[in-house]
2 protein chains.
Amino acid sequence: MKFSIMRDRLLDGLNDVMKAVSSKTTIPILTGIKIDISSEGVTLTGSDADITIQTFIPVEEDGKEILQVKEPGSIVLQARMFNEIIRKLPTNEVVVEVSEQLQTRIQSGKSDFHLIGSDASEYPLLPDISADRQITLPADLLKTIIRETVFAVSTTESRPVLTGVKWEIKDNSLVCIATDSHRLAQRKVTLEQLPSEEMNVVIPGKSLTELSKILSDSPHPVDIFMTNQQVLFKTPDVLFFSRLLEGNYPDTSRLIPEESSTIVTINGKALLQGIDRASLLAREDRNNVVRFSTIDTGTVEISSNSPEIGKVEEEIQIDSFEGEELKISFSAKYMMDALKAIDGQEVVIQFTGAMRPFTIRSIHDDAILQLILPVRTY
Amino acid sequence: MKFSIMRDRLLDGLNDVMKAVSSKTTIPILTGIKIDISSEGVTLTGSDADITIQTFIPVEEDGKEILQVKEPGSIVLQARMFNEIIRKLPTNEVVVEVSEQLQTRIQSGKSDFHLIGSDASEYPLLPDISADRQITLPADLLKTIIRETVFAVSTTESRPVLTGVKWEIKDNSLVCIATDSHRLAQRKVTLEQLPSEEMNVVIPGKSLTELSKILSDSPHPVDIFMTNQQVLFKTPDVLFFSRLLEGNYPDTSRLIPEESSTIVTINGKALLQGIDRASLLAREDRNNVVRFSTIDTGTVEISSNSPEIGKVEEEIQIDSFEGEELKISFSAKYMMDALKAIDGQEVVIQFTGAMRPFTIRSIHDDAILQLILPVRTY
């Protein structure tokens, strides 16, 4: 196997697949990156067994020669080391050559590396994903959906299925739901193309976070294929595979209140900043709870009190107020996460009393819903 | 005590004094910042007992009113909390008011904080430094001197005096020396003003690193005052106090070889990059040793060999070569540190055999000298 390649383009590809490689893996071959050379180009694969990322670098791109293939073949090279070497090479032309016994020579300018590779046939095969269950979303929308939901997954392993985001495709729409049982984030998307059948999968939160780092902010379509165990996100450059979580995701529909006794409309950014300040004192007591009180039809107060350190009161103007007066306490972190997901817009907060979950929605858009359980403070 | 102040100017001052505050202190009052208000302005003081930083914010600056003093006084407020609160306040005007029982109110816009302060009379007094032993250096030169020497101090406490940089003032010059007993960095500066007497102090490396972060890159003079236990660096805005290290600093003058058997002149940047690449493999074996070999009168080779991973050879052009052929091994890290201190210039490396310390100097400037002990590899 022998090829020469433009260093900067190889680095771009490595940058994507390195996101799947973990130094903590217990499978030694997965500390490596698989490199496959064919007459069409180079395929790079990285994996931590949960996530697998594959990218393809063609011989020619935009009329520019990227790659010269002298002899096809495959090799696995230690990922971190290979990436560091390529990054630091002195010239933009890199020659990689594998001789017998997996000896791999990497040359650039007067730099001459010899690495001992691993046999590519030992590298796990990619999951087989048939194309019958498929939807397509623009990359920028997919990133937005991830940002609006993934923060709410559980970070503890006590109920593993809650560390993922449920994706449910039904009635021409996709509903994404994440909950850690203290708060819930839900986003609905109307699909333009009808999927062939109903689907219901739970995608690990960590996979979605990594996927989000690779996706561009472009409206280019991402094809999404699902099986019972795997999901594949396919862009022109990258294949991103993730295993799915097993187990029954709880039915969250009954959590969302249908009525409300207090409705407040408020600027999301002003509320976010007020809670951010109030949480400075709340944080010290470790529970991070702030109190929200309606003052009059034009004002709410966010407050926090920490006997050893001091107290804070923040008055925030509201746009409208309907229903009963209310004093309610909740996690400043959960509220800030929810407001960030709605991205500084005007929000409607609907309460059903101090001990019931409340919802936060954008006034412009019903597609996103955030729900938070209050905290009893007396 | 009561004053109102421009938030952004207060933040600048806090930013300086926060550098002295450590969360690890065992003295509770030192988790706070002392605030003293007089009719002239605000003085802020932070300290971790080793380093003390004081800054003064005047009532008026460049014809602009910064501060309105309603009532003079002093208070100590929890440093991290106070800093965070000020940073997040909603408007640029901040009112701070201390009532009886050290209750401190911080107001800005509709934000209203109440903190419990500590009695300023419990805060340690600043060291008393008399003005008789003084030198003056431009701030940019002082930063350069620190950068060229401080990296070579010892990081272990086995010989505490080696964790500092020795500053010796003698014969109209300042000589700064740092060594961890494996390598040495030395910088000479000719002083324009004669100091009143010889001085010899050891300044903790950590203090110099923190000082460097506060100093600007300007040629403004910094006045340096020394006593037997303390040094004070005085700029127009900031007083920076550090304790000195006790103990006898070793005599390093006999370490520096007077003769040499091999002299190589080489581009420091090319050598640095070659060693950086070679050390990728050397690092894995934890000792980080690379080999330097003269090849011919125009080339040296940097190489490293790690039986389990592979090997690397780097050929580097040299400008001139005098004396005997040489193969020598040394720490890649020490060599890279030394070359970075000389800042990418052409360097002269003088060797006296494979087992003797060697020196690195800029070809342009004799003021800076780096010395490294080789490693025996056979």
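Residues numbered from 1 in each chain as written. Chains lettered and ligands numbered in written order. Predicted model: local features only at pLDDT ≥ 70, side-chain atom pairs only at ≥ 80, totals over all residues. Heavy atoms only, no water.

- As recorded by an unreviewed UniProt entry, chain A carries the name Beta sliding clamp and is attributed to Rummeliibacillus stabekisii.
- Note on chain A: under the UniProt heading Sequence similarities (unreviewed entry), the record states "Belongs to the beta sliding clamp family."
- For the record of chain A, the UniProt heading Subunit (unreviewed entry) holds the text "Forms a ring-shaped head-to-tail homodimer around DNA." (UniProt positions renumbered as here; feature names shortened; annotations may be inferred.)

**Focus on the side chain of Ser4(B)**
Residue and element names in this part refer to chain B.
No. 1: Residue position: Ser-4 is located in strand S1 (residues 2-6).
No. 2: Relative accessible area serves as the criterion here: at 6%, Ser-4 is assigned to the buried category.
No. 3: Apart from residues lying up to four places away in sequence, Ser-4 is in contact with Ile-66, Leu-67, Gln-68, Lys-70, Glu-93, Val-94 and Val-95. (Helix = DSSP H or I, 4+ residues; strand = E, 2+ residues; numbered from the N terminus. Buried < 20%, exposed > 50% of the residue type's maximum accessible area, 1.4 Å probe, protein only. Contact = heavy atoms within 4.5 Å.)

**Observations concerning the interface of chain A and chain B**
No. 1: Contacts between chain A and chain B engage 29 residues on the former and 29 residues on the latter.
No. 2: For the pair chain A and chain B, the summed buried area comes to about 2,700 Å², and 53% of that belongs to carbon and sulfur atoms.
No. 3: Ranking the residues of chain A by area buried against chain B places Lys88(A), Arg277(A) and Leu280(A) at the top, with a combined share of 22%.
No. 4: Taken together, the connections running from chain A to chain B amount to four salt bridges.
No. 5: Linking chain A with chain B are 16 residue pairs in polar contact (both at pLDDT 80 or more).
No. 6: Every element with two or more residues in the side of chain A that touches chain B is listed here: helix H2 (79-88), strand S11 (111-116), helix H5 (268-284) and strand S23 (310-317) of chain A.
No. 7: Relative to strand S23 (residues 310-317) of chain B, S11(A) is paired through five bridges, and the arrangement is antiparallel. When the bridges of S23(B) are listed, Leu115(A) appears paired with Gly310(B). (Buried area = accessible area lost by both parts, 1.4 Å probe. Salt bridge = Lys/Arg side-chain N within 4 Å of Asp/Glu carboxyl O. Polar contact = N/O pair within 3.5 Å; in protein donor to acceptor, adjacent residues only side chain to side chain. Pairing = 2+ DSSP bridges.)

**As for the pattern of salt bridges**
No. 1: Applying the stated rule across the entire model yields 42 salt bridges over all chains.
No. 2: The salt bridge partner of Asp276(A) is Lys88(B), with a shortest N-O separation of 2.8 Å. Within this pair, whereas Asp276(A) is found in helix H5, its partner Lys88(B) is found in helix H2 (residues 79-88), the two belonging to separate chains.
No. 3: Here the salt bridges share partners, and the residues they tie into one network are Asp180(A), Arg183(A), Lys333(A) and Asp337(A).

**So, the relation of the copies chain A and chain B**
No. 1: Screw-axis analysis of chain A against chain B gives a translation of 0.0 Å along the axis, an RMSD of 0.0 Å, and a rotation angle of 180°. The relationship between the two copies is best expressed as a two-fold rotation axis. For chain A, the residue whose C-alpha comes nearest the rotation axis is Lys24(A), separated from it by 15 Å.
No. 2: A shared binding surface is used by both copies, with 100% of the interface residues of chain A retained as interface residues in chain B. (Least-squares fit on C-alpha atoms with pLDDT ≥ 70 in both.)

**Remarks on the packing of helix H1 (residues 7-17) of chain A against H2(A)**
Residue and element names in this part refer to chain A.
No. 1: Close contact between H1 and H2 brings their axes to 9 Å; oriented N to C, the two are set at 150°. Viewed along their axes, H1 and H2 adopt a mutual orientation that is roughly antiparallel. Remark: the crossing between H1 and H2 carries left-handed chirality. Residues Arg-7, Leu-10, Leu-11 and Leu-14 of H1 touch H2, and the partners they reach there are Phe-82, Asn-83, Ile-86 and Arg-87.
No. 2: In terms of residue class, the contact of H1 with H2 is made up of five nonpolar, one polar and two charged. (Axes fitted to C-alpha atoms, helices over the stretch in contact; angles between N-to-C directions. Parallel < 35°, antiparallel > 145°, perpendicular 65-115°, else oblique. Left-handed = near helix turned anticlockwise from the far one by under 90°. Nonpolar A, V, L, I, M, F, W, Y, C, P; charged D, E, K, R; others polar.)

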